[in-house]
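Below are the chains, spelled out letter by letter.
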Amino acid sequence: MSNFDFVEMRVPAKAEYVGVVRLSISGIANRLGFSYEAIEDLKVAISEAVTNAVDHAYFEEDDGEVTVGFGVYGDRLEVMVADHGGSFDLNKIKGGIGPYEGSESVEELREGGFGLFLIEALMDKVEINNDYGVIVLMTKYLHEAEVGLDDDQISTPQ
Amino acid sequence: MNLKIDVAEGNGKSVVKLSGEIDAYTAPQLKEKLLPLTNREGHRTEVNLENVHYMDSTGLGIFISALKSTKENDSEMRLVDLQDRVLRLFRITGLDEIITIDTAIRGGNEQ
């Protein structure tokens with residue numbers, strides 16, 4: 001396994017915590033050296049995923065939790081959002097995940113269906129797993145141009 | 001992580017000035033203020049987003065609802081002064097083609 005840091009947080013499945021998760025990803029992505037633009041993309045993408053999870057929990061009528069995991073790699077940030085409170089079993093999740101098939105009807109897209117669409121537009125890779133609740137796994141790569149923003153590294157070619 | 005909504009009215013027109021963030025938490029408040037305006041027959045509503053520095057699909061959903069309401073009630077809605085990040089979401093989703101967005105008087109992008 002490659003070397004990475006993993007950060008996990010659990011929040012109540014309530015709309016008022018979407019902003020809290022957004023602030024968290026902003027901090028983590030900033031630490032990784034993502035550009036302002038990329039951080040804004042990440043904020044929207046994670047908010048969409050958490051909002052979906054919150055809506056799902058609402059329909060289930062339980063006072064659920066949303067689990068968010070951040071895999072912090074040297075070249076990318078992997079984000080997992082699950083609409084249940086259990087901790088992630090990383091290998092299990094990654095083993096059973098496949099590409100998301102965009103097959104939403106136009107009707108669904110009308111008022112509430114833009115969430116996954118935006119996630120796909122803003123992230124480099126998106127996968128959905130439905131085996132244990134809904135888990136969204138999304139990845140954004142740290143492109144080289146953005147590394148230079150870290151101000152204690154003057155742009156030395158590597 | 002809040003949304004401030006100020007509504008000024010006059011001459012058959014309302015100006016809704018928003019500041020803050022539009023997300024799952026604040027979107028219902030926006031809907032509550034905006035829809036009664038677009039539901040008025042023949043009414044014109046201008047939504048100023050100059051101070052909205054974050055929005056996601058929940059916001060798009062509200063504006064789609066409001067747009068539907070303008071069609072049903074022969075009213076108008078126009079979005080003005082969008083920050084680039086917010087405008088981008090309308091562009092990505094193609095909604096800028098169906099919602100009237102005034103991009104001529106953009107401001108508040110620097111920061």
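Please refer to the structure placed before this passage.
Keep in mind that this is a model prediction, so the values were computed, not measured. (Residues numbered from 1 in each chain as written. Chains lettered and ligands numbered in written order. Predicted model: local features only at pLDDT ≥ 70, side-chain atom pairs only at ≥ 80, totals over all residues. Heavy atoms only, no water.)

S.K.: I'd like to hear about the overall build of chain B, residue by residue, with values.
M.R.: Along the backbone of chain B there are 3 helices and 5 strands. Across chain B, helices and strands are ordered from the amino to the carboxyl terminus as β-β-α-β-α-β-α-β. Scaling as 2.2 N^0.38, a compact globule of 111 residues should have a C-alpha radius of gyration of about 13 Å, and chain B matches this with 13 Å. Taken along the three principal axes of its C-alpha coordinates, chain B extends 40 × 25 × 25 Å. A total of 111 residues make up chain B; the buried ones form 52% of that total. Pairs at least 24 residues apart make up 68% of the contacts formed inside chain B by residues separated by at least 6 positions. When the accessible surface of chain B is split by element, carbon and sulfur atoms take 42% of a total near 5,300 Å². A distance of 0 Å separates the average location of the 14 positive side-chain charges in chain B from that of its 18 negative side-chain charges. (Helix = DSSP H or I, 4+ residues; strand = E, 2+ residues; numbered from the N terminus. Rg over C-alpha atoms; globule rule 2.2 N^0.38 Å. Buried < 20%, exposed > 50% of the residue type's maximum accessible area, 1.4 Å probe, protein only. Contact = heavy atoms within 4.5 Å. Areas by Shrake-Rupley, 256 points an atom, 1.4 Å probe, with all protein chains shown as cover. Lys, Arg positive; Asp, Glu negative; His and termini not counted. Charge placed at Lys NZ, Arg CZ, Asp CG, Glu CD.)

S.K.: Requested: an account of the interface of chain B and chain A, with residues and values cited.
M.R.: At the junction of the two partners, chain B supplies 22 residues and chain A supplies 24 residues. Between chain B and chain A lies a buried interface of about 1,900 Å² when both sides are counted; carbon and sulfur atoms form 61% of it. By the criterion of area lost to chain A, the three top residues of chain B are Met 1, Tyr 54 and Arg 85 of chain B, representing 30% of everything that side buries. At the boundary of chain B with chain A, the tally comes to 5 salt bridges. Between Asp 41 of chain A and Arg 85 of chain B there is a salt bridge, with its nearest N and O atoms 2.5 Å apart. The interface formed by chain B and chain A contains 8 residue pairs in polar contact (both at pLDDT 80 or more). Looking at the side of chain B that touches chain A, the elements with two or more residues in it are β3 (44–55), α2 (57–73) and α3 (84–92) of chain B. (Buried area = accessible area lost by both parts, 1.4 Å probe. Salt bridge = Lys/Arg side-chain N within 4 Å of Asp/Glu carboxyl O. Polar contact = N/O pair within 3.5 Å; in protein donor to acceptor, adjacent residues only side chain to side chain.)

S.K.: Kindly report on the environment of Val 86 of chain B, identifying the contributing residues and their values.
M.R.: Along the chain, Val 86 of chain B falls in helix α3. For the pair Val 86 of chain B and Met 55 of chain B, spaced 31 residues apart in sequence, the C-alpha to C-alpha distance is 6.1 Å.

S.K.: Tell me what's going on with the sheet that holds strand β2 (residues 13–22) of chain B, and back it up with residues and numbers.
M.R.: Residue and element names in this part refer to chain B. Here we have 5 strands laid out as an open sheet, ordered β1-β2-β3-β4-β5, and mixed in their pairing. The open sheet has two edge strands with one neighbour each: β1 (3–10) and β5 (101–102). Pairing analysis gives 8 bridges linking β1 to β2, with the strands arranged antiparallel. For Asp 6, the partnering residue across the bridge sits in β2 and is Lys 17. (Pairing = 2+ DSSP bridges.)

S.K.: Please set out the packing of aromatic side chains residue by residue, giving values where relevant.
M.R.: Under the counting rule described, the total for this entry stands at 3 aromatic pairs over all chains. On the basis of an interplanar angle of 15 degrees and a centroid distance of 4.5 Å, the ring pair of Phe 4 of chain A and Tyr 73 of chain A is categorised as stacked. With Phe 4 of chain A in the segment before β1 (5–12) and Tyr 73 of chain A in the loop between β2 (65–72) and β3 (76–82), this pair connects stretches of sequence that are 69 residues apart. For Phe 4 of chain A, a relative accessible area of 22% puts it in the partly exposed group. With a centroid separation of 6.4 Å and 75 degrees between ring planes, the pair formed by Phe 114 of chain A and Phe 117 of chain A is classed as edge-to-face. Taken together, the residues span about one helical turn, with Phe 114 of chain A and Phe 117 of chain A both in helix α5 (residues 114–122) at a distance of 3 residues. With relative accessibility at 36%, the residue Phe 117 of chain A sits in the partly exposed group. Arg 22 of chain A extends its terminal NZ or CZ atom over the ring of Tyr 54 of chain B, reaching a point 3.8 Å from the ring centre. (Phe/Tyr/Trp six-rings, centres within 6.5 Å; stacked < 30°, edge-to-face > 60°. Lys NZ or Arg CZ within 6 Å of the ring centre and 35° of its normal.)

S.K.: Give a detailed account of helix α1 (residues 18–32) of chain A, specifying residues and quantitative values.
M.R.: Residues and elements named next belong to chain A. Counted at 1.5 Å a residue, the expected span for α1 with its 15 residues is 21 Å, and the 21 Å between its end C-alpha atoms agrees. Of all the positions in α1, only Val 18, Gly 19, Val 21, Arg 22, Ile 25, Ile 28, Ala 29 and Leu 32 are classed as buried. Two residues or fewer after α1 comes Gly 33, characterised by a positive phi angle close to 95 degrees. (Expected span 1.5 Å × (residues − 1).)

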